[in-house]
Amino acid sequence: MATPLTAAATLTALRSEGLTVHEHAGWSTHNREAATGKAFGPVIGVLIHHTAGHGDKEICYNGRSDLPGPLCHSWLGKTEGLWMIGHGRANHAGLVDLDVLNALRAEASPLPHDDQANADGNDVLYGLEIENLGNGKDPYPDVQYRQAVLWAAALCRAHGWTEKSVAGHKEVQPGKIDPSFDMDGFRADVKKQLATKPGGGTTTPTPTKPKVDLSQLIAAAKADPGAKQGHVTYMTGTNLAEAALVKLGYLAKTYAGDGSFGSTTVKAYAAWQRHLGYTGADANGIPGHTSLTQLGTNTGLFTVVA
Ligand SMILES: [Zn+2]
């Protein structure tokens, strides 16, 4: 719990961490506080997003027809660098899981599953939107990824937080898959940066793909279809596998994103297995190492750990 940084203190923190900061005109008074009647803060952490688009700095400032801006506090371009977009309450997190917020507040790890959307994340989280298609194939240039690490580290350092106050949108709101890199790896990079002096650290970290644990996914595919509707065994891995099946056309988008490996997902996975040439019991919709690895590789969305 902490009072949000002033606009000037935010700039100082980011610049002290070694970032070049660009300021969008009007950013320091651009927020959703007057419009919603809700304050920003006390703050508990920082949230990382990908924009799922390109050239979307102005969209993040102005918002969309269904969601007024600012849509983040900072926007990080692929080549345009870091831009200040808003200061105060911003529409980036939406409704999130209160259990996860409480874990962030306590800096507990690992974070619990985000299986509910029952708390306002815009009250308490700083948000960074990283310009990336988020499709698993669009790379994060090393320079851009390093700037994201520095952004998170700067705000953590200014508040006296550790890397455990950092989360990805996919970790706090059910159904989200952003950002499309591994958040444990990102937190490890923030931790390394925090161990240096501000502005120190010259290594260029590289984002890693999110990981899907095969044994946990098998357990989900076996348990979820027979359990009550929407049962969740393995939230993050199921969401990634479903996102991949959607991307390749084996699963309708409406069935993806709730973290439950239900019977529709089993059928979709079986179709993927048949596509790979499996038949009979080998195409029963329960993931195997080869089929899952191929699914992650073909979509670029994840790697597999056994
Ligand atoms: Zn997001």
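Here the structure is a predicted model, which means the values were calculated and not measured. (Residues numbered from 1 in each chain as written. Predicted model: local features only at pLDDT ≥ 70, side-chain atom pairs only at ≥ 80, totals over all residues. Heavy atoms only, no water.)

Chemist: It is not clear to me how empty space enclosed by the protein should be interpreted in this structure. Could you clarify?
Modeler: It is a probe the size of a water molecule, rolled over the atoms, that shows where empty space is left. In total, this model carries three cavities of 30 Å³ or more according to the counting rule given. Its volume calculated, the largest cavity comes out at about 60 Å³. Along its surface, the largest cavity is lined by T10, L14, W27, H73, S74, M84, G86, H87, Y126, W151 and L155. When residues of the lining of the largest cavity are traced back to their parent elements, those giving at least two are helix 1 (7–16) and helix 5 (142–159). A breakdown of the residues in the lining of the largest cavity according to their chemical character gives six nonpolar, five polar and no charged. (1 Å grid on protein atoms, 1.4 Å probe; cavity = no way out; pocket = protein on both sides within 12 Å on 5 of 7 lines; lining within 4 Å. Points joined across faces, edges and corners; volume = space filled by probe spheres on them. Helix = DSSP H or I, 4+ residues; strand = E, 2+ residues; numbered from the N terminus. Nonpolar A, V, L, I, M, F, W, Y, C, P; charged D, E, K, R; others polar.)

Chemist: Would you take a moment to explain the side chain of R32 for this structure?
Modeler: You can see R32 is positioned in the loop between strand 1 (21–23) and helix 2 (33–36). Put simply, R32 is tucked away with no salt bridge, and the nearest opposite charge, on E33, sits 9.7 Å away. With near-sequence residues (within four places) excluded, R32 lies in contact with K38, P68, G69, P70, R89, A90 and N91. (Buried < 20%, exposed > 50% of the residue type's maximum accessible area, 1.4 Å probe, protein only. Lys, Arg positive; Asp, Glu negative; His and termini not counted. Salt bridge = Lys/Arg side-chain N within 4 Å of Asp/Glu carboxyl O. Contact = heavy atoms within 4.5 Å.)

Chemist: What is the right way to read the sheet that holds strand 10 (residues 166–168) from this model?
Modeler: Strand pairing in a sheet relies on backbone hydrogen bonds. The paired strands run either parallel or antiparallel. Pairing is mixed in the open sheet, where six strands are placed in the order 1-6-5-9-2-10. Only two strands of the sheet have a single partner each, and these edge strands are strand 1 and strand 10. Ignoring strand direction, the axes of neighbouring strands in this sheet form an average angle of 25°. Seen against the sheet, helix 1 touches strand 1 and strand 6 (82–84) and runs at an angle of roughly 150° to strand 1. Running over the sheet, helix 5 touches strand 2 (45–50), strand 5 (74–76), strand 6, strand 9 (125–130) and strand 10 and is turned about 170° from strand 9. (Pairing = 2+ DSSP bridges. Axes fitted to C-alpha atoms, helices over the stretch in contact; angles between N-to-C directions.)

Chemist: What is the right way to look at the layout of surface pockets in this model?
Modeler: In this structure, the largest pocket encloses a volume near 860 Å³. Every element with two or more residues in the lining of the largest pocket is listed here: strand 2, helix 3 (57–62) and helix 9 (235–247). When grouped by side-chain class, the residues that make up the lining of the largest pocket number 13 nonpolar, 15 polar and seven charged. Each of two domains, domain 1 (7–194) and domain 2 (211–305), supplies a minimum of three residues to the lining of the largest pocket. What lines the second largest pocket is a set of 26 residues, and nearest its centre among them are E171, D182, D184, R187 and T236. For the lining of the second largest pocket, the elements supplying multiple residues, two or more each, are helix 6 (169–172), helix 7 (183–194), strand 11 (211–213) and helix 9. Inspection of the lining of the second largest pocket shows a minimum of three residues originating in each of domain 1 (7–194) and domain 2 (211–305). (Domains from an automatic or database assignment.)

Chemist: How should the domain arrangement of the protein be read in this particular structure?
Modeler: When the parts of a complex come together, some accessible area is lost, and that lost area is often used as the size of the interface. On domain assignment, one finds that the protein holds domain 1 (7–194) and domain 2 (211–305). For domain 1 and domain 2, the distance between their C-alpha centres works out to 29 Å. For the pair domain 1 and domain 2, the summed buried area comes to about 930 Å², and 55% of that belongs to carbon and sulfur atoms. When the buried surface of domain 1 facing domain 2 is broken down by residue, H113, K137 and I177 rank first, second and third, together holding 42% of it. Linking domain 1 to domain 2 there are one salt bridge. Among the ionic pairs, K211 bridges to D182, the shortest N-O distance being 3.5 Å. (Buried area = accessible area lost by both parts, 1.4 Å probe.)

Chemist: Help me understand the side chain of H50, please; the structure alone is not making it clear to me.
Modeler: Relative to the helices and strands, H50 resides in strand 2. Here H50 falls in the buried class, since its relative accessible area comes to 8%. Separated by 3.1 Å, the side chain of H50 and the backbone nitrogen of S180 make a polar contact. Sequence-distant contacts of H50, defined by excluding residues within four places in its chain, comprise E129, I130, N132, G134, Y140, I177, D178, P179 and S180. (Polar contact = N/O pair within 3.5 Å; in protein donor to acceptor, adjacent residues only side chain to side chain.)

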